[in-house]
Amino acid sequence: MSKGRGFFGWLMFWILSGQLGCIGTAIALVVLACIVYIAAQIAYQVGRVLLIIGLLFGAGITMRNYALALYHNIKPEKVTP
Amino acid sequence: MSKVLDPAIRSYFFGKGYTDLRAVIVDTWRRNLASAQNELTAMRGLWPRSWTGKGLALVRAAAATSVLVFGTAFFLVASALHVTILMTFFLLVYLGFTLVYLTERAYLAWKGFFPVCPDCHSKNPLAEYFCPKCGSVHRQLIPSSYGILYRTCKCGQKLPATFFLHRGQLPAACPDCKRMLGDLIEVRKIFVPVFGGPAVGKSSFLLTVLRELKEHWAPKRGFAVTFPDSGVDSEIHRAWQGLAKGLPPAKTVTNLPRAINAQVDRSGQEGRLLYLYDPAGEAFSETEGLQLHKYQDYLSGLVFLIDPFAVPEVRDIYADRLAKVESALKPSQLPAEDAFARVLIGMEEHFGLQKGGRLKVPLAVVITKIDAFGLEQRLGEPAVQARLRSSPTPEDPEAVRNQLVRDQLVRWGLSDIVHQLETRCPKVGYFACTSLGRMPDGTAQPFEGRGVLEPLLWILETSDAMFRAERRKQAA
């Protein structure tokens, strides 16, 4: 796993080189599929969390905006002594 | 309840609440757009960077979307809630001031309290009130959208908006003639006009009635009688001083106003404002009618004065002696029948009395000038006492006096007028009095009236619970 190729590079190299034989290739493909699935899951979950954080952040902004609008605009009528 | 704009601060839920709501909606929307814009700008800055930057850009993009989508939904729901709260309070306040207003109107109507101008005599449901701090005029100081129980003047002064919170203590003016009203704006008014032909002695009668009321009747019962109009007060006192020096009051055309307001009150008790009105003896001119018309709603009773020396039969009886005292006695030139006919015509034209209809208020028929030729011994208190003493069974002095005077009128040939009086009026009381106590003879001997207060008291006791209760208390 030298720099520039990485784990996926080595795995693809071994699969495509045909040196693993039939069973080895099959196992390598399964391992690849698992890795891809786990990576996709992690990305999905991270993305989802980030999305939720973003949405909550937006909701917070909205409520802050409403609170500020209330604070700045709702005032009793002034008297002129 | 009213479209009159007063210089007061309207309830939040009737005015500013909706301006504020609009401002909140506009401001929220503006802020949301700006926030979304900020988030999108931040996202664009973060996206080309590392994976962390892309993650953060995702967060900002989600935030921008959330601000736009969730923000719109949230502010729609919040605005709906805001409107609901405003409308709920609007309805509660509306219900509140309507209830208080209606209760106040019902109470004032039941008690017969309403502002009456002592000058132009206009009856209005409401006076114009002044803010004691800045002097602004509040033309509709009632429970309203300006406040249920109190309102705040533009100057910040809190003003009571209802009778129940002593609104009547504020400075007030007549809405018609703008004259300042006294402090008895919201009290029961009693109007008693005194009718009779010219020279029947109305001015003397009124002056003596007021003196008897103020100096004899009121002090014994813990009441105080005052004259709210400062000019009138001095004129009345000057006239009383004249009577005390044996000077008869001049004819009606003096400085003394034709309508005299007397405030009758006792501490801790609701007062009364008594209006005694002296229409010109020459009867009803158009102006007179209009003047009287204003009293229509609070007429409590009528006093009808009869000058016995205007009756032909009486003039015949005393023909030999009358000539000598004619100038002092000043008999009225208008026969009683004509004077009463004019009263009825005036009442029909200006007082809502239907043709041939019956007066709803008590009428006191008063024979005046009984100090002359010993009439007092036949009609006055001595005659009543003599009748009571001679009666084998106890009799009611009032009934005896009624009978005595009525019989005398019939004997004098006034049976037609007696019949007419009793047909048109359900309650007639007969009285006899002398307003001056003696004929004017140029001496300084004081004039002392007798029997003048009884007709007025009878009317007051018949038409007003306070005077009725006072009588019962005295009788007990």
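Residues numbered from 1 in each chain as written. Chains lettered and ligands numbered in written order. Predicted model: local features only at pLDDT ≥ 70, side-chain atom pairs only at ≥ 80, totals over all residues. Heavy atoms only, no water.

S.K.: Tell me about the overall build of chain B, and please be specific about residues and values.
M.R.: A tally of helices and strands in chain B yields 14 helices and 13 strands. Counting across all 476 residues of chain B, residues that qualify as buried make up 51%. If you take every contact in chain B between residues at least 6 apart in sequence, the share linking residues at least 24 apart comes to 72%. On chain B, roughly 22,000 Å² of surface is accessible, and the fraction owed to carbon and sulfur atoms is 58%. (Helix = DSSP H or I, 4+ residues; strand = E, 2+ residues; numbered from the N terminus. Buried < 20%, exposed > 50% of the residue type's maximum accessible area, 1.4 Å probe, protein only. Contact = heavy atoms within 4.5 Å. Areas by Shrake-Rupley, 256 points an atom, 1.4 Å probe, with all protein chains shown as cover.)

S.K.: Hey, could you go over the overall build of chain A for me, with residue numbers and the actual values?
M.R.: Across its full length, chain A holds 2 helices and 0 strands. Burial statistics for chain A: of 81 residues in total, 20% are counted as buried. Of the accessible surface of chain A, which amounts to about 5,900 Å², a share of 76% is contributed by carbon and sulfur atoms.

S.K.: Describe in detail a negative patch on the surface, supporting the description with residues and values.
M.R.: Residues and elements named next belong to chain B. On the surface, E313, D316, E337, D338 and D416 cluster together to form a negatively charged patch. When residues of the negative patch are traced back to their parent elements, those giving at least two are α6 (312–317) and α8 (336–350). Accessibility expressed as a relative area gives 60% for D316, which makes it exposed. (Patch = residues over 30% accessible without salt bridge, like charges linked within 9 Å, V, L, I, M, F, W, Y side chains within 5 Å. Salt bridge = Lys/Arg side-chain N within 4 Å of Asp/Glu carboxyl O. Lys, Arg positive; Asp, Glu negative; His and termini not counted. Charge placed at Lys NZ, Arg CZ, Asp CG, Glu CD.)

S.K.: Can you break down unusual backbone geometry residue by residue, with the values?
M.R.: Residue and element names in this part refer to chain B. Even without being a glycine, K369 presents a positive backbone phi close to 55°. In this fold, K369 is placed in the loop between β12 (363–367) and α9 (375–379). Unlike most non-glycine residues, F373 shows phi in positive territory, near 50°. Counting through the fold element by element, F373 comes out in the loop between β12 and α9.

S.K.: Hey, could you go over the pairing of strand β10 (residues 272–277) of chain B for me, with residue numbers and the actual values?
M.R.: Across a regular strand the side chains alternate sides, sitting on one face of the sheet and then on the other. Residue and element names in this part refer to chain B. Of all 6 residues making up β10, 6 are buried, and the element is well covered by its neighbours. Of the two faces of β10, the one carrying R272, L274 and L276 and the one carrying L273, Y275 and Y277 are both buried. Relative to β10, strand β7 (residues 188–195) runs parallel, the two being bridged by 6 bridges. Pairing of K189 across the sheet is with L273, part of β10. Note: strand β9 (residues 259–265) against β10, 6 bridges, orientation antiparallel. Bridge pairing links V264 to R272 in β10. Remark: 6 residues form the turn of the hairpin made by β9 and β10, two consecutive strands paired antiparallel; G268 in that turn has positive phi of roughly 80°. (Pairing = 2+ DSSP bridges.)

S.K.: Let's hear about the interface of chain B and chain A: which residues, and what values?
M.R.: You'll often see interface size given as the accessible area lost when the parts meet. Facing 33 residues of chain B, the contacting portion of chain A comprises 28 residues. Where chain B abuts chain A, roughly 2,400 Å² becomes buried across the two surfaces, and 68% of that area is made up of carbon and sulfur atoms. Counting the contacts that link chain B with chain A gives 0 salt bridges. Applying the counting criterion to the chain B and chain A interface returns 8 residue pairs in polar contact (both at pLDDT 80 or more). Mapped onto the side of chain B that touches chain A, the elements with two or more residues apiece are α1 (16–46) and α2 (51–111) of chain B. Ranked by residue count, the leading element in the side of chain B that touches chain A is α2(B), at 15 residues. (Buried area = accessible area lost by both parts, 1.4 Å probe. Polar contact = N/O pair within 3.5 Å; in protein donor to acceptor, adjacent residues only side chain to side chain.)

S.K.: So, the packing of aromatic side chains: which residues are in play, and what are the values?
M.R.: Residues and elements named next belong to chain B. Considering all chains together, one arrives at 22 aromatic pairs over all chains under this definition. Ring centres of F309 and F373 lie 5.5 Å apart, and the angle between their planes is 75°; this geometry places the pair in the edge-to-face category. Pair noted here: F309 is in the loop between β11 (302–306) and α6 and F373 is in the loop between β12 and α9, with a separation of 64 residues, a long-range link. F373 matches F309 in its accessibility class, with the two residues each being buried. Clustering of aromatic rings is evident, with ring pairs tying together F14, F90, Y94 and F97. Of note, K54 hangs over the ring of W47, and the distance from its end group to the ring centre comes to 5.2 Å. One residue, K158, lies across the ring of Y150, its end atom 4.6 Å from the ring centre. (Phe/Tyr/Trp six-rings, centres within 6.5 Å; stacked < 30°, edge-to-face > 60°. Lys NZ or Arg CZ within 6 Å of the ring centre and 35° of its normal.)

S.K.: Describe in detail the nonpolar core, supporting the description with residues and values.
M.R.: All names here are of chain B. F304, V365 and L409 are the most contacted members of the largest nonpolar core, which has 49 residues in total. A total of 6 residues in this core trace back to one element, the largest contributor, which is α8. With sequence-adjacent residues up to four places away left out, V365 is seen in contact with F304, I306, L409, L421, V428, G429, Y430 and F431. Grouped together as the second largest cluster of nonpolar side chains are 41 residues, I190, L436, L456 and F467 included. (Core = buried A, V, L, I, M, F, W, Y, C linked by side-chain atoms within 4.5 Å.)

S.K.: For the sheet that holds β11(B), give the residues involved together with the corresponding values.
M.R.: All names here are of chain B. Within the open sheet, the 7 strands sit side by side as β8-β9-β10-β7-β11-β12-β13. Their pairing is mixed. If you trace the sheet from one side to the other, it starts and ends with β8 (224–226) and β13 (428–432), each paired once. Going from strand to strand, the sheet's axes swing by 20° on average, the running direction of each strand aside. Packed onto the sheet, helix α11 (residues 397–411) meets β11, β12 and β13 and runs at close to 80° relative to β13. (Axes fitted to C-alpha atoms, helices over the stretch in contact; angles between N-to-C directions.)

S.K.: Before we move on, can you summarise the pattern of salt bridges with the specific residues and values?
M.R.: All names here are of chain B. Across all of its chains, the model carries 18 salt bridges over all chains by this definition. A salt bridge links R167 to E104, with the nearest nitrogen and oxygen atoms 3.2 Å apart. Remark: E104 occurs in helix α2 and R167 occurs in the loop between β4 (158–160) and β5 (172–173); sequence separation between them is 63 residues. E104 sits in the buried class, given a relative accessible area of 0%.

S.K.: Which residues make up the environment of B:R411, and what values do they have?
M.R.: Residue and element names in this part refer to chain B. With respect to the helices and strands, the residue R411 is situated in helix α11. A residue is classified by how much of its surface remains accessible, and R411, at 55% relative accessible area, is exposed. When the C-alpha positions of R411 and E313 are compared, they lie 8.9 Å apart, and in sequence the two are 98 residues distant.

S.K.: Describe the environment of B:Q420, naming the residues involved and giving the relevant values.
M.R.: Positionally, B:Q420 belongs in helix α12 (residues 415–424). Beyond its immediate sequence surroundings of up to four residues, B:Q420 is in contact with B:F340 and B:L344.

S.K.: Please provide a residue-by-residue account of the sheet that holds β5(B), values included.
M.R.: Across a sheet, strands are paired by hydrogen bonds formed along the backbone, either parallel or antiparallel in direction. Residue and element names in this part refer to chain B. With antiparallel pairing, the 4 strands of this open sheet are ordered in space as β2-β1-β5-β6. Only two strands of the sheet have a single neighbouring strand rather than two, namely β2 (137–138) and β6 (180–181). Alignment of strand β1 (residues 128–130) against β5, held across 2 bridges, turns out to be antiparallel. In the sheet register, Y129 faces β5, and the bridge partner there is A172.

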